[in-house]
Each structure stands twice: as C-alpha cells, then as structure tokens.
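Here is what each chain is made of, one letter per residue.
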Amino acid sequence: MRRSVARALIRPLVLVATVASIPLVSAAPAVADSVVVGGFPIDVSQAPWTVALASRDRFGGMRAGQFCGAVAVGRSTVLTAAHCLSEDVLGAPPNRVPDLKVIAGRTDLLSPQGEEIAVRDVRVNPGYDVGTNSGDFAVLTLDGSLPQSAVVPMARAGDPAYGPGTEAMVSGWGDATGGGDYARRLRAARVRVLPDELCARAYPGGPDGTYQAGTMLCAGEAAGGPDGCQGDSGGPLVAAGRLIGLVSWGSGCGQPGLPGVYTRVSEVVRMLEPAVGGRAAGAPDGEA
Ligand code: ARG
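The residue numbers shown here count from 1 along each chain, following its written sequence. The model is predicted, so local features are restricted to residues of pLDDT at least 70 and side-chain atom pairs to those at 80 or more, both for listing and for counting; the totals for chains, interfaces and linings are taken over all residues. To obtain the side-chain values, all non-hydrogen atoms of the structure were included, while hydrogens and water were left out.

- Per an unreviewed UniProt entry, the recorded name for the protein chain is Serine protease, and the organism is Streptomyces musisoli.
- A UniProt comment under Sequence similarities (unreviewed entry) is attached to the protein chain, and it reads "Belongs to the peptidase S1 family." UniProt positions are given in the numbering used here, feature names are shortened, and annotations may be inferred rather than shown by experiment.

**Considerations on the overall build of the protein chain**
No. 1: Only DSSP runs of H or I reaching four residues or more are called helices, and only runs of E reaching two or more are called strands; each is numbered from the N terminus. A tally of regular secondary structure across the protein chain gives six helices and 13 strands.
No. 2: Here the contacts in the protein chain between residues at least 6 apart in sequence split such that 70% fall between residues at least 24 apart.
No. 3: In these tables, accessible area is a Shrake-Rupley quantity obtained with a 1.4 Å probe, and a residue counts as shielded only by the protein chains included in the view. For the protein chain, the accessible area works out to roughly 12,600 Å², and carbon and sulfur atoms hold 58% of it. Whether two residues are in contact is decided by their heavy atoms: any pair within 4.5 Å suffices.

**Looking at the side chain of Ser-171**
No. 1: Relative to the assigned elements, Ser-171 resides in strand β8 (residues 167–172).
No. 2: Exposure categories follow from relative accessible area, calculated using a 1.4 Å probe and restricted to protein chains: below 20% of the type maximum is buried, above 50% is exposed, and the middle band is partly exposed. Its relative accessible area of 3% is what places Ser-171 among the buried residues.
No. 3: Polar contact is defined as a pair of N or O atoms within 3.5 Å, subject to the rule that within protein one atom must be able to donate a hydrogen and the other to accept it, and that residues adjacent in sequence are counted only when both atoms are side-chain atoms. A distance of 2.9 Å separates polar atoms of two side chains, one belonging to Ser-171 and the other to Thr-50.
No. 4: Setting aside anything within four residues of it in sequence, one finds Ser-171 in contact with Ile-42, Ala-47, Thr-50, Leu-186, Arg-187, Ala-188, Gly-235 and Pro-236.

**So, the environment of Phe-137**
No. 1: Looking at where Phe-137 falls in the secondary structure, it is placed in the loop between β6 (115–124) and β7 (138–142).
No. 2: Take Phe-137: its relative accessible area is 3%, and that puts it in the buried class.
No. 3: On a C-alpha basis, the gap between Phe-137 and Ser-233 in space is 9.9 Å, while along the polypeptide they are 96 residues apart.
No. 4: With near-sequence residues (within four places) excluded, Phe-137 lies in contact with Thr-80, Ala-81, Ala-82, Val-124, Asn-125, Leu-246, Thr-263, Val-268 and Met-271.

**Considering the site of the ligand**
No. 1: Here a residue is considered near a molecule or strand provided that any single heavy atom belonging to it is located within 4 Å of it. Taken together, the neighbourhood of the ligand is formed by 15 residues, with His-83, Asp-227, Gly-231, Ser-233 and Gly-252 sitting nearest.
No. 2: At 2.7 Å, a backbone N or O of Gly-231 approaches an oxygen atom of the ligand.
No. 3: Note that an oxygen atom of the ligand is positioned 2.5 Å from one of the side-chain N or O atoms of Ser-233.
No. 4: With the chains in place, 90% of the 350 Å² that the ligand exposes on its own is no longer accessible.

**Digging into the pairing of strand β11 (residues 236–239)**
No. 1: Across the two faces of β11 the burial is the same, with Pro-236 and Val-238 and Leu-237 and Ala-239 all buried.
No. 2: Direction of pairing for β8 relative to β11: antiparallel, over a ladder of two bridges. Considered in β11, the bridge of Met-169 is made with Val-238.
No. 3: A pair of strands is labelled paired if DSSP reports no fewer than 2 bridges between them. The sheet contact formed by β11 and strand β12 (residues 242–249) spans four bridges and is antiparallel. If you follow Ala-239 over to β12, its bridge partner there is Arg-242.
No. 4: Between β11 and β12, which pair antiparallel and follow one another directly, the connecting turn spans two residues, one of which, Ala-240, has a positive phi of 50°.

**A look at the packing of aromatic side chains**
No. 1: Side-chain rings of Phe, Tyr and Trp, where Trp is taken by its six-membered ring, are said to pair if the distance between their centres is within 6.5 Å; with planes under 30 degrees apart they count as stacked, over 60 as edge-to-face, and otherwise as tilted. What the rule picks out here adds up to two aromatic pairs.
No. 2: Each ring, one from Phe-59 and one from Phe-67, has its centre 4.4 Å from the other, and the planes form 15°; the classification is stacked.

**Side note on the state of the cysteines**
Structurally, a disulfide amounts to a covalent bond that connects the sulfur atoms of two cysteines.
No. 1: By disulfide we mean two sulfur atoms from cysteines, separated by a distance within 2.5 Å. Applying the stated criterion to the full structure yields three disulfides.
No. 2: Note that Cys-229 is cross-linked by a disulfide to Cys-253, the S-S spacing being 2.0 Å. Residues Cys-229 and Cys-253 are joined through a disulfide that is right-handed, its torsion about the S-S bond being 80°. Of this pair, Cys-229 sits in the loop between β10 (216–220) and β11 while Cys-253 is found in the loop between β12 and β13 (260–264), placing the two residues 24 residues apart along the sequence. Just as Cys-229 is buried, Cys-253 falls in that class too.
No. 3: Going through the protein chain in sequence order and numbering each bonded cysteine, the pairs you get are 1-2, 3-4, 5-6.

**Side note on the sheet that holds strand β5 (residues 101–104)**
No. 1: With respect to topology, six strands assemble into a closed barrel ordered β2-β3-β4-β7-β6-β5, the strand pairing being antiparallel. Strand-to-strand twist of the sheet, defined as the mean angle between neighbouring strand axes without regard to direction, takes the value 40°. The convention used is that axes are lines fitted to C-alpha atoms, helices contributing only their stretch in contact, and that angles between N-to-C directions extend from 0 to 180 degrees.

**Notes on the pattern of salt bridges**
No. 1: Within this document, salt bridges are pairs made up of a side-chain nitrogen of Lys or Arg and a carboxyl oxygen of Asp or Glu, the two lying within 4 Å of each other. On inspection of all chains with the given rule, the structure shows 11 salt bridges.
No. 2: Among the salt bridges present, the one from Lys-101 reaches Glu-116, with a minimum N-O distance of 3.4 Å. Of this pair, Lys-101 sits in strand β5 while Glu-116 sits in strand β6, placing them 15 residues apart in sequence.
No. 3: Residue class for Lys-101 comes out buried when judged on its relative accessible area of 17%.

**As for unusual backbone geometry**
No. 1: Phi angles above zero are rare outside glycine, and Ala-64 is one such case at about 60°.
No. 2: Looking at the element boundaries, Ala-64 is found in the loop between α3 (56–59) and β3 (66–74).
No. 3: Taking the relative accessible area as the measure of exposure, Ala-64 reaches 2% and is therefore buried.
No. 4: Unlike most non-glycine residues, Ala-240 shows phi in positive territory, near 50°.
No. 5: Considering the arrangement of structural elements, one finds Ala-240 in the loop between β11 and β12.

Here it is as structure tokens:
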C-alpha cells in the first residue's frame, strides 16, 4: 500500500523530467528499469511445475481467472501462498469458490494448452500469521493428476540451495513491470538467495510484513532488478532443480534494498512430512 502510493507519486515526476530533456521513448524504460528487470518470457516446458491458480467466477475470464501462482510438488499436490486464499483476495472463503482450479502446462493463459484441474481440498497453514506474513503457504489437493514431469522436489532443511549466493529462478504470470502490467504469457526472472540480514534490515516490521529468517527466504539482487511481483504470489522459486521458496511478499517490486520475500519451503516440508510418511495423497479428513 504505502509503496504503491509512493510510486504513483514518483512516476509522474520521472516522466515530466524525462519528457523535458530526452525523447519520449526512453521514458517508459526509465520507469520499468526500477522494477522487474531481467524478467523474460519462458515456455511452460522450461518450468513445468509452475501452475496458475484461477477462478473465472471470482476474477473473470480476461486472464482465464488467474489470480496467483502455485507449484506442483506431487502429482495431485500443489502449494501456493496462504494469503492467496484469504477472504481479502477471494472475496469469500475458499470453500465458497466452487470453480477454484489450477491451470497446468499452459504458457499463454488464454490458449487452450495444457489442462485445468479442479481443486478438491484446501489446507491453509494454520500457523500463517497475517501480521508478519510468516508461514505463508497452503496445500491444495487436486481432483486429477498432473504428469510426473511437472513435479518439482522440495528442498529440505539444510539443503545447500538455501545458501546465500545460490542462483534461482522465479516464475509466474504476475505484474511484469510493477505498474500493473499483468502478463498473459509465463515469465521468469533470475535472482539469487540473499543473506537473511539484508531482508531483516529491509523489513524490521511494517505494514507489509516482518522478515523472519526461520520461515522466510530473502532473494533478489542487492541492487534491485529481477523480482517477483503482484500476481506471482504462491509461485515457485527453484534452485538447482529444487523448490526453495514460494513468492510471498515485498515492498514494491525489484526496488534496490527491498528484496523479494519468499516462504521458506523447508518449513512446508516440516509440516507435510508426517502426512507424506503416512499417505501423501487423499488425506482422509476433508476440512473447509
Ligand atoms: N503479495 C504478492 C502477490 O500476492 C507478491 C508480491 C511479491 N513481491 C515481491 N516484491 N517479490 O502476488
């Protein structure tokens, strides 16, 4: 909130200054450069675990109902962000959104490529804290099965992929510029895992959240640039072929000194482990 206001105020000034001196064409890049730079289009086959969370009923058909990202961690198990399923986002509890589905194997949201699979069960992490944004994940069970080739393994605690400096890729259909330009085709950005201290310093506590190293992961580029953005939430951050993060929050997108904050996937593993040890799919109790 605070950030978008700041940006809305800053942008006209930037444009005015640029128009006065340099040809108009450079005005747009000058603005875009402060946000998701280094983002590029990809084909879904390059990150087949990236799925869209959608409801045409709630969000209309313009973007096939896409409103968040999600990631396949089992043939019928998908992770997303807890905040994606909040009443704030959905306008209703998830069990009142009968057409909640994932779209898999599709690059262009408006193409018929891939498949749409209904969500059968929604489990929002009961430990999700809206104040800090800690524990921002939910586990969805699908009505059908995805191909095994779409499944990405989760990195458990102690995996070196969580180490600062690790190169990772974030993917989604979210805002490609920070200016509300929601992508119709899947995009990705290369980022790296940043030291926790960087995010702890950037986000000591504020309206956007509070960085907590135990449950969150800090990623981006220290100088700003590549980042996830609105609409990417719940989507994957993958390093060395393993899922390390879910897009969760940040102040603005790609701003220097304000990295992206991801849900630390080792926390999800910790919570899923008893279920996986027993029976991963078809968990018995159907809540929500
Ligand atoms: N909360 C946003 C969403 O719902 C994701 C924001 C990610 N921001 C960032 N700078 N990495 O889509």
